[in-house]
Amino acid sequence: MAAMVTRPFFWIITLVVAAFILFPALGDDVQLRESLALATIYITLASSLNLMLGYAGYINFGSIVFFGLGGYICVWLVDAHHWPLLASLLAAGIGVGALAFIFGLGILRLRGPFFALSTIGIVEGVQAFVQNFEPWGGSAGIYISPEVFTPLGGPGRALWVIYFGLVATMGLSLYLSYGIKISKFGLGLLAIGQNEDAAAILGVPTPRYKAYVYSASAVLPAVAGGLYFFKSAFIQPSDAFDLSLSTEALVVAMLGGQGTVTGVAIGAYLYEELRGYLLVSGTFSHFQLVISGVLLLLIVLFFPSGLMGFIYSRFPRTQKVLE
Amino acid sequence: MLGIIASIIDGVLVGLVYGLSAMGLTLIWGVMDVINLTHGTMIVGGMFALYFLATGLGVPPYLALLPVLVGGFLAGVALYWLAVHRMVGRPPLMSLLSTFAVNLVLIGIGTGVWGTALFNVAVSLPGVSLGRYTFPGAHILAAVLAAVIAASLYLFLHRTRLGKAVRAVANNREAAELVGIPTTRVLAVTVGCGVALAGVSGLLIGTLFPFTVLSGDGYQLKGFVVTVLGGFGNPVGALLGGVALGLLEGAVTPFVPVSWTLVIEFALFVLVLIAFPGGIFASRRGAL
Amino acid sequence: MTAILELEHVGKRFGGLQAVHDLSFVLGEGEILGLIGPNGAGKSTLFNLINGVYTPETGKIFFRGADITGEKPFLIARRGLARTHQIVQPLMNMTVEGNCTVGACFGRENLPLKAARDTAREAAVFVGLEDRLQTLALHLTIAGKKRLELARALAARPTLLLLDEVLAGLNPTEVEHMIGIIRRIRERGVTILIIEHLMQAIMSLSDRIVVLNYGEKLAEGLPGEVAQNPQVIEAYLGDPKLAAALQGSA
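Residues numbered from 1 in each chain as written. Chains lettered and ligands numbered in written order. Predicted model: local features only at pLDDT ≥ 70, side-chain atom pairs only at ≥ 80, totals over all residues.

1. Some thoughts on the interface of chain B and chain A
With 30 residues of chain B at the contact, the number on the chain A side is 30 residues. For the side of chain B that touches chain A, the secondary-structure elements that each account for two or more residues are α4 (92–114), α9 (216–230) and α11 (259–275) of chain B. The element that contributes the greatest number of residues to the side of chain B that touches chain A is α4(B), accounting for 14 residues. (Contact = placed C-beta atoms within 7 Å. Helix = DSSP H or I, 4+ residues; strand = E, 2+ residues; numbered from the N terminus.)

2. Looking at the interface of chain A and chain C
Facing the 16 residues of chain A at the interface are 20 residues of chain C. Put simply, the parts of the chain that give the side of chain A that touches chain C at least two residues each are α7 (184–194) and α8 (196–201) of chain A. Tallying contributions element by element places α7(A) first for the side of chain A that touches chain C, with six residues. A class-by-class count of the residues in the side of chain A that touches chain C yields nine nonpolar, six polar and one charged. (Nonpolar A, V, L, I, M, F, W, Y, C, P; charged D, E, K, R; others polar.)

3. Comments concerning helix α11 (residues 243–256) of chain A
Residues separated by three or four positions in an α-helix point in the same direction, a consequence of the helix having 3.6 residues per turn. Residues and elements named next belong to chain A. Along its 14 residues, α11 runs 20 Å from first to last C-alpha, staying within 8% of the 20 Å computed at 1.5 Å per residue. In terms of burial, α11 is largely enclosed, as twelve of its 14 residues are buried. Among all positions in α11, only Leu-245, Ser-246, Thr-247, Glu-248, Ala-249, Leu-250, Val-251, Val-252, Ala-253, Met-254, Leu-255 and Gly-256 are buried. Taken from the residues just after α11, Gly-257 is the one with a positive phi, measuring 120°. (Expected span 1.5 Å × (residues − 1). Buried ≥ 20, exposed ≤ 12 C-beta atoms within 10 Å, placed from the backbone.)

4. Points about the sheet that holds strand β4 (residues 58–63) of chain C
Residues and elements named next belong to chain C. Strand order in this open sheet of four strands is β2-β1-β4-β5, and the pairing throughout is antiparallel. The open sheet terminates on both sides in strands that have one partner only, identified here as β2 (17–28) and β5 (66–67). Pairing of strand β1 (residues 3–14) with β2 involves eight bridges; the strand directions are antiparallel. Across the sheet, the residue bridging to Leu-7 is Phe-25, located in β2. Sheet strands touched by helix α1 (residues 43–50): β1, β2 and β4. Its angle to β2, the strand with the most contacts, is close to 65°. (Pairing = 2+ DSSP bridges. Axes fitted to C-alpha atoms, helices over the stretch in contact; angles between N-to-C directions.)

5. Some words on the sheet that holds strand β9 (residues 208–213) of chain C
Residue and element names in this part refer to chain C. Read from one edge to the other, the open sheet built from six strands follows the order β6-β7-β8-β3-β9-β10, with strand pairing classed as mixed. The open sheet has two free edges, formed respectively by β6 (81–83) and β10 (216–221), since each of these has just one partner strand. Geometrically, the sheet is characterised by an average inter-axis angle of 15° between neighbouring strands, direction not taken into account. Bridge count for strand β3 (residues 32–36) against strand β8 (residues 191–195) is four bridges, and the pairing is parallel. What sits directly across from Leu-33, in β8, is Leu-193.

6. What about the environment of Phe52(B)?
With respect to the helices and strands, the residue Phe52(B) is situated in helix α2 (residues 39–56). Along the sequence, Phe52(B) and Leu104(B) sit 52 residues apart, while their C-alpha atoms lie 23 Å from each other.

7. Focus: α1(C)
Residue and element names in this part refer to chain C. Most of α1 is tucked away, with seven of its eight residues classed as buried. For α1, the full list of buried residues reads Lys-43, Thr-45, Leu-46, Phe-47, Asn-48, Leu-49 and Ile-50. Remark: Gly-52 follows α1 within two positions and exhibits a positive phi of approximately 95°.

Next comes the structure, spelled out in structure tokens:
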């Protein structure tokens, strides 16, 4: 991991994180901040998804479940138990990570398409559970009282704190993604993605590695979820477990180039801008899903390596610096 | 006690329709290792076709089966050329993604136009009474039709030349190609049949229960459960699997809130796969 | 002579087919044991049983004294057992170096990444792939892929190496080269169990031979003895070319 600091790509990530912090802060630009906040969420979700998809080769349709559960744990701890935000976020991240590890050991016995299908079912299952779970407000959800923003300096300042939290989470997800890629663990994952049976015969401890990466892909989305729903001051099952968000994360990961750190980040940013434009334009607002679908279809049919695949084939030198 | 038995019998009737609804999915999966994630939406397509033909144009509901069959077949062939053709031979994950993408487009259009409004087609037929319990005529007729259609599929696969070609391609596509079977045409026909089956099962389900644009998800999940229970590409297995599922639902629903039914079925799906990684009849993969 | 591998009454059936039946033999340290038999005799199945891909229904398998029957493949690899496949299984989108590094990282020595890369390079040089270290596996010729398969297994620094038809599909020059490599592997102290159809090669390489037919051990002994064994010759009579080769190499 320490080896990471010497690599140029590490500093590219750091620059990006710095840009995300400085540009809105210096101009006190709230609109830019909100737009970038959404981008950080997409980048976090897509980078984390990429750990499963691009490295180990497992499609997770239901990554939203980490986001939603993280949101619920954080909001519940803050609201019902008056925990400070940071502690709640840590609890959300660790809790969801641990749950993912346990669940993962079970469902990761399923191969390829079966695993993918079961991830959809997990979302349905968790949503049904939460809808009937009274301590978490059942289907009505949880509202947070505004007083929770006071320790952060009031609602105005709180939004900035939350934003920086989101940027930090995004940064961590990019560092994590890169760090894993250049590690021995990452090599094992890539081998699993290429040929799981051959990898096992070579000595890669496949069940454990798959569970670790599944768990790793859960932690930061959970924290992001905690921040997002804390900011909204409200969480309900239909929002927390909305499959379209994890679908978009998938589209973004494939758009940018699964398995690449840069591609996923660029893809997330581009997609978020596109989406923002679509939402504002009256004609297209209902058809977000359609756009996602068309994009995904085009990528799968014609550009399975995504944006970065295209860039690497045109400019092979970039592959040495970018990841 | 009698109530539970009645519930179970009704479950079997509905189960036959579930079996039919899974047949399209298992056929496509078994023949070309493609997982059609538009399956649920195609079922909804059948439901909407029923609505517009029966309620809008006044066509008697069961006569609408024919146009839905034909329309579904054409839609299936279109789906093949759009999203499946280039994916054959690639890992099943890719076809999962491509059909998923098409599904997004369809759902996006569907919800954009109709939102999440509830639709209902009122079909009332004289039922059969056993003591205090009446089995709705619609349930009985739907079950009978499901069985008839399933039998027709079986006859098609085993008694016609085209059906034989389909089974050959399912067994070994390259070998089939070598003996002169036009595999691309056969694959397109298979997807056409698969979607047609989804469509007509949707029509039949539409005569039983109300629906929205998003209802497809639930039936698709049931389709997956039935597929792993009954074996890939096995129409008879699908029917039996559907009945088993219907039985399970009949036995469980009196005791459990409705929202949990799907969760239980999903759990069943996962557990069966953990125990039998290729489905219960894994050794028969490739044999219809 | 310490036993590296011991098989005791190992059996495996697939549905109605008894692929391996009541098979027992011992492999000593530093030996090269050749495994021959007509097609379908159960040789590759046996390899799959030894390295954990299949679990035997009967019998036990011991590796360096430890019972590995039914153990998962990655655990067996960790113990120091590596194999090549009849149909090569390269990690296609990784380079030669990458493939071998995986072997070195997760094999017997469980090396960290940097040390593993060095071992990987060494293994690649050993088989003659030093000028193609950065080539993607999918761009190699079949001979190249076979060498990669071997290099990757060697990078794991195994104690026991299972070679499954490494010579198949190679031209005579490549076969000579590969035989030399196998001899040098043994000189390094690696025990080898080898399946091969090329009779001249396996008879000259092996210290001892085990003959399999319909999943059972037909004969065992020195290459010369086995070649004269009438039952062995009869088993191959269904394949006259092989029978002639056996007689010829006696």
